[in-house]
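Summary of structural features
Read off the chains here:
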Amino acid sequence: MIYFMKRDDKIFELIEKEHQRQLNGIELIASENFVSEQVMEAMGSYMTNKYAEGYPGARYYGGCEVVDQSESLAIERLCKIYDAEYANVQPHSGAQANMAVLMTVLNPGDKFLGLDLSHGGHLSHGSPVNSSGLLYEPIAYGVKEDTGLVDYEMMEAQAREHKPKLIIGGASAYSREWDYARMRRLADEIGAILMIDMAHPAGLIAAGLLDNPVKHAHIVTSTTHKTLRGPRGGIILMGKDFDNPWGKTTPKGVIRKMSSLLNSAVFPGVQGGPLEHVIAAKAVSFLEALQPEYIEYQTQVQKNAKTMAEAFIARGYKVISGGTDNHSMLIDLRTKFPELTGKVAENTLVKADITINKNMVPFDSRSPFQTSGIRVGTAALSTRGLKEEHMAPIVDLIDQVLSDVESETTLNEVKTKVNEMMSKFPLFAF
Ligand code: PLP
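Computed from a predicted model, the values in this text were never measured in an experiment. (Residues numbered from 1 in each chain as written. Predicted model: local features only at pLDDT ≥ 70, side-chain atom pairs only at ≥ 80, totals over all residues.)

**Side note on the UniProt feature "site: Plays an important role in substrate specificity" (unreviewed entry) in the chain**
This is how the line gets drawn: UniProt positions are given in the numbering used here, feature names are shortened, and annotations may be inferred rather than shown by experiment. In this text, helices come from DSSP runs of H or I with a minimum length of four residues, and strands from runs of E with a minimum of two, each type numbered from the N-terminal end. Each residue is represented by a C-beta atom placed from its backbone, and any two residues with such atoms within 7 Å are regarded as in contact.
According to UniProt, the feature "site: Plays an important role in substrate specificity" (unreviewed entry) maps to His225 in the numbering used here. Mapped onto the elements of the fold, His225 is located in the loop between β9 (219-223) and β10 (234-238). Ignoring sequence-local partners within four residues, the contact set of His225 consists of Asn33, Gly230, Pro231, Arg232 and Gly233.

Pasting the structure below:
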C-alpha cells in the first residue's frame, strides 16, 4: 500500500509568513543575518538523513564516506579562513561549543574569568542560570563606567587574585576591538587557558578587518550564523596550541593533545550525532567567506555600523563607548528618554516592523527584563544591500517611534515607510 502523506500546509504557510516578515522589515538584531540560497539549499538537503557519530574517518556508523568528505571540506575551509591548525565544526550552537571547552579545561567547581553578562558578556560565560555558572565558579570582569571599554586592569587584578584556570574574552554586546595579546600575556602569567568567543565579530575577523584571536588564544569558539553569515551553529578553533599535551591524563596514563580532548568533549561529551546537513551548509558559507566579495560585504557592515552610530549620537542618544569598531552598538536610552525602557522600545519598534533587542547597559539601573538599553547591528541590513546613505534615515524612523511610543499614527506612518523602503531590497544582495 502506498501512502501519500498530506503536505503540511500549516507549517509552510507559517514559513512563508516568516519570509514576508523578514522581507518587509528592518532587521537590526546584531546577532542575525540572512544566508544565501545555496546555504539554505545545503541545509534542506539529503544530508539530513545521515547518522555520523564520530569524526571523518572514525565513525560509529556505516555509509559515512560522503559526509566524511563534506565535513572534511568544512574543516579545511574554516582553517583556511582563520589560519587555524584545528577546527571542530560539529557544535550545534555557540553555547554548546563553549560548554565543550569548559568541560575540557575545567573540573566542576573550578574558577574561570569572563565578562559580566550585564556588561555585554554571554550567558555561557558564567551566568548562574547556564551550565557554565551552575557547574563551575565564574568570576567577572567588567567595562569601565566612564569609557565603556573593557577594564583590563580589573581583569588582571581578578586573575592575579583568584588564579582562574580559564580566561574568557569576547561578548554579545561590545562594540570595540579586544586586546587579545594582552589577555594571552595574562593567561600565560597565571598559567590559565585563554578562550576567545568571537561569535559576534567572526565575519569581520574572517575578512581581515579586525584582529584574529586564533593568533593569540589557546582556543577560539564562535557561532556561524551572526556576522559570519552561515547556518545556525557553532565551531571551535585552535592555532599553534592545538598540539599541546594536556595536563589531564586518561585512565591509561596517556597525556592527550588539546585537539583530541576538545573533540571528545563535543562528541560524546555534550552531543550525539552531528548535523551533517548543517555542516554541509557551514562548508558552503565558509567557501563564500573566502571570496573577494565577502571582504566587500564585511567592509560595508563596518561602514554602516559607524555611520549608524554617528547618526544616533547626532540625535542625542548615548552610544556606549562613543561608537563602534565592529557591526554592533549598544545604546543607553536614559540620556534621551529617562522613562523609556528597552522592553518598551523593543515592543514598540516591532509594531513598526523594525526589529532590535532590548539589552542591559553597563551599570544598568533596571532589570534584565526591562533594561535601559537597546542593541543594534548592521550585518543583516548590509546583506540586503543597504549602504551608508540608508543609515541616517533608518535612525530617523527609530527616533520618530521612540519619541512618541503611545502614538498609533506615528507607528503606522513609520511602518508604511519601512515597508516601502525595504521593498526595494532582496534578502540576499551579495
Ligand atoms: N557566544 C556569544 C558571544 C553570543 O553572543 C552567543 C549568542 O548570542 C552565543 C555564544 C551562543 O550562541 P547560540 O545561540 O548559537 O548558542
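**As for the environment of Met198**
Along the chain, Met198 falls in the loop between β8 (193-197) and α8 (202-206). The contact partners of Met198, leaving out residues within four places of it in the chain, are Gly170, Ile205, Pro213, Val220 and Ser222.

**A closer look at the sheet that holds strand β4 (residues 86-88)**
For the record, the criterion: Strand pairing requires that DSSP identify at least two bridges connecting the strands. Angular values range over 0 to 180 degrees, each being the angle between N-to-C directions of two axes fitted as lines to C-alpha atoms, with helices fitted over their stretch in contact.
Strand order in the open sheet formed by 7 strands is β4-β10-β9-β8-β7-β5-β6, and the pairing between neighbours is mixed. Each having just a single partner strand, β4 and β6 (137-141) make up the two edges of the open sheet. Across the sheet, the mean angle from the axis of one strand to that of its neighbour is 20°, orientation sign disregarded. Two strands pair when backbone bridges link them, and strand β5 (residues 111-115) and β6 are joined in this way by 5 bridges, in the parallel orientation. Bridge assignment links Gly114 to a residue of β6, and that residue is Ala140.

**Side note on helix α14 (residues 388-403)**
Stated precisely, the cut-off is as follows: To estimate the expected span of a helix, subtract one from its residue number and multiply by 1.5 Å. Put plainly, a residue is buried at 20 or more neighbouring C-beta atoms within 10 Å of its own, exposed at 12 or fewer, and partly exposed in between, counting only other residues' C-beta atoms, which are placed from the backbone. To obtain the arc, one takes the directions from the helix axis to the C-beta atoms.
Along its 16 residues, α14 runs 23 Å from first to last C-alpha, staying within 8% of the 22 Å computed at 1.5 Å per residue. Taken together, the buried positions of α14 are His390, Met391, Ile394, Val395, Leu397, Ile398, Val401 and Leu402. For α14, the buried positions fall inside an angular range of 160° around the axis, keeping them on one side. Facing away from the buried side of α14 by more than 90 degrees, the exposed set consists of Glu389 and Pro393.

**Some remarks on the packing of helix α11 (residues 292-314) against α14**
Defined as follows: We call a crossing left-handed when the near helix sits turned anticlockwise from the far one by less than a right angle, and right-handed when that turn is clockwise.
Two elements in contact, α11 and α14, have axes whose closest approach is 8 Å; the angle formed by their N-to-C orientations is 35°. For the pair α11 and α14, the sense of crossing is right-handed. Residues Lys303, Asn304, Thr307, Met308, Ala311 and Phe312 of α11 form the contact with α14, whose own contacting residues are Glu388, Met391, Ala392 and Val395.

**Some remarks on helix α10 (residues 276-289)**
With 14 residues, α10 should cover 20 Å at 1.5 Å per step; its first-to-last C-alpha distance of 20 Å lies within 8% of that length. Across the 14 residues that make up α10, a large majority, 13, are buried.

**Focus on unusual backbone geometry**
Here Phe267 and Pro268 are connected by a cis peptide whose omega angle stands at 10°. With respect to the helices, strands and loops of the structure, Pro268 is situated in helix α9 (residues 258-270). Of note, Asp83 is a non-glycine position whose phi angle comes to about 55°, a positive value. Looking at the secondary structure, you find Asp83 in the loop between α3 (65-82) and β4. At Arg229, a residue that is not glycine, the phi angle is positive and equals roughly 70°. Position of Arg229 among the secondary structure elements: in the loop between β9 and β10. Taking the number of C-beta atoms within 10 Å as the measure of exposure, Arg229 has 28 and is therefore buried.

**Some points on the nonpolar core**
One recurring pattern in soluble globular proteins: nonpolar side chains tend to sit buried together. Cut-off, in case you're wondering: By definition, a nonpolar core groups buried Ala, Val, Leu, Ile, Met, Phe, Trp, Tyr and Cys residues that are joined through C-beta atoms within 7 Å.
Ranked by internal contacts, the top residues of the largest apolar core, which has 123 residues, are Leu78, Ile167 and Leu237. Among all residues touching Leu78, those that are not within four sequence positions of it are Ala84, Ala87, Val89, Ile235 and Phe286.

**Digging into the sheet that holds strand β13 (residues 318-319)**
Read from one edge to the other, the open sheet built from 4 strands follows the order β13-β14-β17-β16, with strand pairing classed as antiparallel. With one partner strand each, in any of the chains shown, β13 and β16 (357-359) form the two edges of the open sheet. Bridge count between β16 and strand β17 (residues 373-377): 3 bridges; the pairing is antiparallel. Paired with Asn359 across the strands is Gly373, a residue of β17. Running over the sheet, helix α12 (residues 342-351) touches β16 and β17 and is turned about 175° from β16.

**Observations regarding the pairing of strand β7 (residues 166-169)**
Applicable threshold: For crossovers, right-handed means that the path from the first strand over the helix to the second runs clockwise, given strands pointing away from the viewer.
Of the two faces of β7, the one lined by Leu166 and Ile168 and the one lined by Ile167 and Gly169 are each fully buried. Both β5 and β7 contribute to a ladder of 2 bridges, which runs parallel. Bridging from a neighbouring strand, Leu113 pairs with Ile167 of β7. Pairing between β7 and β8: 4 bridges, direction parallel. In the sheet register, Ile168 faces β8, and the bridge partner there is Met195. You can see the chain leave β7, run along helix α7 (residues 180-190) and come back into β8, and the turn it takes is right-handed.

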